[in-house]
Amino acid sequence: MIGSGTDPSLLSGPNSMKDVIDMAYDVMKTDEEWRALLGDDRFAILRQAATERPWTGELLEEHRAGTYSCGACGAELFDAGTKFEAHCGWPSFYEALRPEAVELLEDRTHGMVRVEVRCATCGSHLGHVFPDAPQTPTGDRYCMNSLSLRFTPA
Ligand SMILES: [Zn+2]
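Conventions adopted
- Residues numbered from 1 in each chain as written.
- Predicted model: local features only at pLDDT ≥ 70, side-chain atom pairs only at ≥ 80, totals over all residues.
- Pairing = 2+ DSSP bridges.
- Helix = DSSP H or I, 4+ residues; strand = E, 2+ residues; numbered from the N terminus.
- Axes fitted to C-alpha atoms, helices over the stretch in contact; angles between N-to-C directions.
- Core = buried A, V, L, I, M, F, W, Y, C linked by C-beta atoms within 7 Å.
- Buried ≥ 20, exposed ≤ 12 C-beta atoms within 10 Å, placed from the backbone.
- Contact = placed C-beta atoms within 7 Å.

Q: What is the right way to look at the sheet that holds strand β1 (residues 66–70) in this model?
A: In sheet architecture, strand pairing relies on hydrogen bonds along the backbone and comes in two forms, parallel and antiparallel. Pairing is antiparallel in the open sheet, where three strands are placed in the order β2-β1-β9. A strand with exactly one partner marks an edge of an open sheet, and here the two such strands are β2 (76–79) and β9 (149–153). Between one strand axis and the next, the sheet turns by 30° as a mean value, whatever way the strands run. Relative to β9, β1 runs antiparallel, the two sharing five bridges. Along β9, the bridge assignment pairs Ser 69 with Arg 150.

Q: What's the story with the nonpolar core in this structure? I'm lost.
A: Across soluble globular proteins, you tend to see nonpolar side chains buried next to one another. By size, the foremost hydrophobic cluster in this structure holds 26 residues, and its most contacted members are Cys 70, Ala 72, Leu 77, Val 102, Cys 119, Tyr 142 and Met 144. Mapped by element, the contributors of at least two residues to this core are α3 (31–46), β1, β2, β6 (114–119), β7 (125–130) and β8 (141–144). Apart from residues lying up to four places away in sequence, Val 102 is in contact with Leu 77, Ala 96, Val 117, Arg 118, Cys 119, Ala 120 and Leu 126.

Q: Would you take a moment to explain the sheet that holds strand β3 (residues 83–84) for this structure?
A: Taken together, six strands build an open sheet; the order of strands is β3-β4-β8-β7-β6-β5 and the sheet is antiparallel. Taken across any chain shown, the strands that pair with only one partner, and hence form the sheet edges, are β3 and β5 (102–107). Relative to β6, β5 runs antiparallel, the two being bridged by six bridges. Within β6, the residue paired with Val 102 across the bridge is Cys 119.

Structure below.
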């Protein structure tokens with residue numbers, strides 16, 4: 001009977017397929033390959049989800065127009081027009097260039113429940129997103145590591 005109970009096809013159909021797709025990225029490398037490509041500092045953040053010390057990132061004071069790309073695979077992630085001064089010590093953006101450019105995952109490490117932001121193309125760790133920026137159009141603060149990003153001036 002249609003309309004009553006849970007449709008089992010919702011559980012076994014597109015949803016489970018998406019889970020499988022989410023496990024694979026367009027760009028995939030071994031840890032050894034990533035470390036050789038990125039160097040130790042970028043590897044620790046992008047591939048091991050470390051966080052750079054606040055107020056140390058080279059992109060903190062970057063105010064030019066341009067595009068921020070994934071520091072690992074080069075996928076375009078943020079437009080400089082969405083960067084704002086959050087006074088938190090890390091470069092912050094209020095939205096991704098395209099919603100599908102990033103993926104959001106629940107992160108329960110360090111005794112907190114946070115939302116981790118990863119590059120949707122290669123799965124690399126970028127930072128976290130917090131809903132604590134009411135001064136922006138979206139209210140969101142994508143709190144990113146400078147070392148997770150590369151900036152290309154317009
Ligand atoms: Zn990437």
